[in-house]
Amino acid sequence: WPKKKSIHSVVMEQLPGEVIAILKDLGKLADRLHYKAYAVGGFVRDLLLRRPNLDIDIVVEGDGIEFAKEFAASHGIRARCHKKFNTAVLIFSDKLKVDVASARFEYYQYPAALPIVEFSSLKMDLYRRDFTINTLALTLNPDDFGQLIDFFGGQRDLKDKIIRVLHNLSFVEDPTRIMRAIRFEQRFNFKIGKQTATLMKNAVRMGLIQKLGGRRFFHEIDLILMEENPVPAVRRMDEYGVLGLLASGMRFDTRMEELFNRIRNMISWYRLSFLDEPLEGSWVYFLGLLSGLHRNDLEKVWNRLEMTENQRERMLWTYGQVESLLRGFFQLPEHRPSDIYRTLQPFKPEELLFMMARTEREEVRKAISHYFHRYRRVRTELKGKDLKAMGVPPGPIYRIILDELIDAHLNGEVKSLQDEWGYLKVHHPEIFENAEKNMSSGMSF
Ligand code: CTP
C-alpha cells in the first residue's frame, strides 16, 4: 500500500455539506458490512483540482449491489442495480447520483500486463483505468475518512499537469482513450506525456480507431464538442490524425478554426441570453465540422459514425436551407418581422446558431437575434377556444386565422385583445356573421 495522506481539509472545504454527509454515511455502512469503500476516479481528481464535480463514483471491496440496496433502504432513496456488471446507482436527486462498483478479485480477468500477486481488489480496479490522474481513491470508512490513496503516481501527475497511461496496452484495450486523453489535456490545460503521446500515435497508425464501433466513436467526438472550449481539442484530433480517419478531406485549417471560434461566440451569447433554455452546443460544432464536405465524404462520415436516418436528413436539410436562405431570403433589401418569423420558425436554435456563425453578414445575425429575442415567443390573446365559442366550424381555418393574428402582432398591426377583435372584424367578417346567426338560432356561447 502506498503511503496515505489525509485530504480531509480539502474534502471539508470543497464539497457541499450534503455531499460530505452522504460520503460519511457510505463509509459507515461499509464498516457495518465489513467492507471498505472508496470514492474514486474523476470525482477525486476534480476534488484535488478544486473543480466542482458531483458525479460521484465509489468502489466497495465487497458486494456493491447488496451495499447499494442497504444504503437506499436506510435512506429512503432509489437504487438502480445492474446485476450483470455488479454495479448500482444511488439516486439522490436529478443532480446528485452515486455510482457504486464492486471490486472483488473474482470479477477480474487478468490483463496480460498485470502481475497479480500483490494486488488488492481496489488496486486491481484502479489499474484497469485510463490515466494516472483518474486512479486516485479516497477512503470513506470512518477511521480513515479523507485519506488519499495513490497507487500509480496520480498526485504527482496532477501536480506536473501530465496525462499518462498506466501501461503500454492501454490504448489497445480501449481506443476511446485516445480521444479521452485529448479531451482531458485541453480541459485541464495539461500535457500528454511523451511516452503516452507515442503510444497514441502508434495506436492511430495501427488502425485501432477503425476498430471502434461507430456509436462509441461518435460519442467520444460529441464529448469533445461538449467541452467548454472544444477548439484546441479538435485541433489536437487533427494533429493526431483522428479527424482524417473520418473523411480524408477533413482538416482543422484556419478557416475551420475561425468558424469554430464564431460558433463558440454564438453559443455563449445564446446561453447568456436564454439562461434556462436547453441547447445542444455540440450539434452546432458538429454541423460546422462537416459543413465543408462534399456529399460522398459526408455519407462516409455518416456511415462511419452510424448516424441515424433522422440525423442525416436533418443535417442535409439544414445545410441546404442555410445556403438557400443566405443566397435568397437574406439578400432581400428588407424583411417584415413576420417574414423572418415564418422563415426561421422551422429551424432549431442549434441550426440558427450555425447559420449565424456561417455568415459574415452582421444584418443576418441581427435578424436571427431579433427572432430569438422578440419574435419566436409571440402569442395571440385570442385562442382556438374563443373561435370555437364564436361558432367557427372546425378545420384549417383556425390555424390560418391564428397565424394571421401572430403576423399582425409581429408587424405591430395589433397589440391587444381588442386590436385582435378589430383585426378579425376587418379581415374575417364572416366569423361575426356566423356568431350572430348562431345567437339568433338560440345557440349559446
Ligand atoms: N475510464 C477508463 N477508460 C475509459 C472510460 C473511463 O478507464 N475509456 C475510467 C476513468 O478512470 C474514469 C472513470 O472510468 O475516471 C469514469 O469515467 P467517466 O465518467 O467517463 O470519467 P470522468 O473522469 O469522470 O470524466 P468526465 O469528467 O468527463 O465525466
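Counting from 1, residues in each chain are numbered in the order their sequence is written. Local features are withheld for residues below a pLDDT of 70 in this predicted model, meaning they are given only at 70 or higher, and side-chain atom pairs are given and counted only at 80 or more; totals for whole chains, interfaces and linings count all residues. Computation of side-chain values: all heavy atoms of the structure, hydrogens and water removed.

**Concerning the overall build of the protein**
Put simply, the test is: Helix and strand assignments follow DSSP, with helices taken as H or I runs no shorter than four residues and strands as E runs no shorter than two, numbered in order from the N terminus. Exposed residues in this analysis have more than 50% of their type's maximum accessible area, buried residues have under 20%, and partly exposed residues fall in between, with area computed by a 1.4 Å probe over protein chains only. Accessible surface area values rest on a Shrake-Rupley calculation with a 1.4 Å probe, where residue burial reflects the displayed protein chains alone. The sign given to each residue is positive for Lys and Arg and negative for Asp and Glu; His and the chain ends receive no count. Taken as the charge centre is NZ of Lys, CZ of Arg, CG of Asp or CD of Glu, depending on the residue.
On a plain count of helices and strands, the protein comes out with 23 helices and ten strands. Counting only residues that meet the buried cut, the protein has 50% of its 445 residues in that class. Of the roughly 22600 Å² of accessible surface on the protein, 51% is carried by carbon and sulfur atoms. In the protein, 67 positive and 61 negative side-chain charges are present, and the distance between their average locations comes to 4 Å.

**Brief notes about the pairing of strand β5 (residues 87–91)**
Selection criterion: Strand pairing is assigned whenever DSSP identifies at least 2 bridges connecting the two strands.
When you tally the buried positions in β5, you get four out of five residues, the bulk of the element. Pairing of strand β4 (residues 78–82) with β5 involves five bridges; the strand directions are antiparallel. If you follow H82 over to β5, its bridge partner there is T87. The loop that links β4 with its antiparallel partner β5 comprises four residues; one of these, N86, has a positive phi angle of about 55°.

**Looking at the pattern of salt bridges**
Filter applied, for reference: We count a salt bridge whenever a side-chain nitrogen from Lys or Arg sits within 4 Å of a carboxyl oxygen from Asp or Glu.
Scanning all chains against the criterion turns up 32 salt bridges. Ionic pairing is found between D174 and R216, a salt bridge with its closest N-O pair at 3.3 Å. Of the two residues, D174 is situated in the loop between α7 (170–173) and α8 (176–188) and R216 in helix α10 (residues 214–225); the sequence distance between them amounts to 42 residues. Among the ionic contacts, a cluster of salt bridges with common partners joins E173, D174, R177 and R216.

**Structural notes on the pairing of strand β3 (residues 55–61)**
Note that strand β2 (residues 36–40) and β3 share five bridges and pair antiparallel. Following the sheet pairing, Y38 is matched in β3 by V59. In the sheet, β3 pairs with strand β6 (residues 97–102) via six bridges, with the strands oriented parallel. When the bridges of β6 are listed, D55 appears paired with K97.

**Some remarks on the site of the ligand**
Filter applied, for reference: A molecule or strand has a residue near it when one of that residue's heavy atoms lies within 4 Å. Two N or O atoms count as a polar contact when they lie within 3.5 Å, although within protein this holds only if one can serve as hydrogen donor and the other as acceptor, and sequence-adjacent residues are included solely when both atoms are side-chain atoms. Each residue gets one of three labels, nonpolar for Ala, Val, Leu, Ile, Met, Phe, Trp, Tyr, Cys and Pro, charged for Asp, Glu, Lys and Arg, and polar for the others, Gly among them.
Neighbouring the ligand are 14 residues, the closest being R45, D130, D174, R183 and R187. A distance of 3.4 Å separates an oxygen atom of the ligand from a polar atom in the backbone of G42. Here R45 contributes a side-chain N or O atom positioned 2.8 Å from an oxygen atom of the ligand. Relative to its unbound accessible area of 570 Å², the ligand is 72% covered by the protein chains. Partitioning the shell around the ligand into residue classes produces one nonpolar, four polar and nine charged.

**Notes on the side chain of T343**
Looking at where T343 falls in the secondary structure, it is placed in helix α17 (residues 337–344). In this structure the side chain of T343 is engaged in a polar contact, spanning 2.5 Å, whose partner is the backbone oxygen of D339.

**Some remarks on helix α18 (residues 349–358)**
In terms of burial, α18 is largely enclosed, as eight of its ten residues are buried. Burial in α18 covers these residues: E350, E351, L352, L353, F354, M355, M356 and A357.

**Quick look at the packing of helix α13 (residues 254–273) against helix α19 (residues 362–375)**
To keep it simple, the criterion reads: In this analysis an axis means a line fitted to C-alpha atoms, helices contributing only their contacting stretch, and an angle means the value between N-to-C directions, from 0 to 180 degrees. Should an angle lie under 35 degrees it is considered roughly parallel, over 145 roughly antiparallel, and from 65 to 115 roughly perpendicular; all remaining angles are considered oblique. We call a crossing left-handed when the near helix sits turned anticlockwise from the far one by less than a right angle, and right-handed when that turn is clockwise. Note on contacts: a residue pair qualifies if any of its non-hydrogen atoms lie within 4.5 Å across the two residues.
At a closest axis distance of 12 Å, the pairing of α13 and α19 adopts a crossing angle of 25°. Compared by their axis directions, α13 and α19 come out roughly parallel. Here α13 and α19 pass one another in a crossing that is right-handed. Each of M266, W269, Y270 and S273 in α13 lies in contact with α19, whose residues at this interface are R365, S369, F372 and H373.

**Details of the environment of A247**
You can see A247 is positioned in the loop between α12 (243–246) and α13. Relative accessible area serves as the criterion here: at 3%, A247 is assigned to the buried category. Distance in space between the C-alpha atoms of A247 and S273 is 36 Å, their sequence separation being 26 residues. Residues contacting A247, with those up to four places away along its chain left out, are L293, D297 and V301.

**Quick word on the sheet that holds β3**
The strand order β1-β8-β7-β2-β3-β6-β5-β4 describes an open sheet built from eight strands, whose pairing is mixed. Two strands bound the open sheet, and with one partner strand each, they are β1 (5–6) and β4. This element, helix α2 (residues 17–32), spans β2, β3, β5 and β6 of the sheet and lies at about 10° to β3. Contacting β3, β4, β5 and β6, helix α4 (residues 64–75) runs over the sheet at an angle of about 165° to β4.

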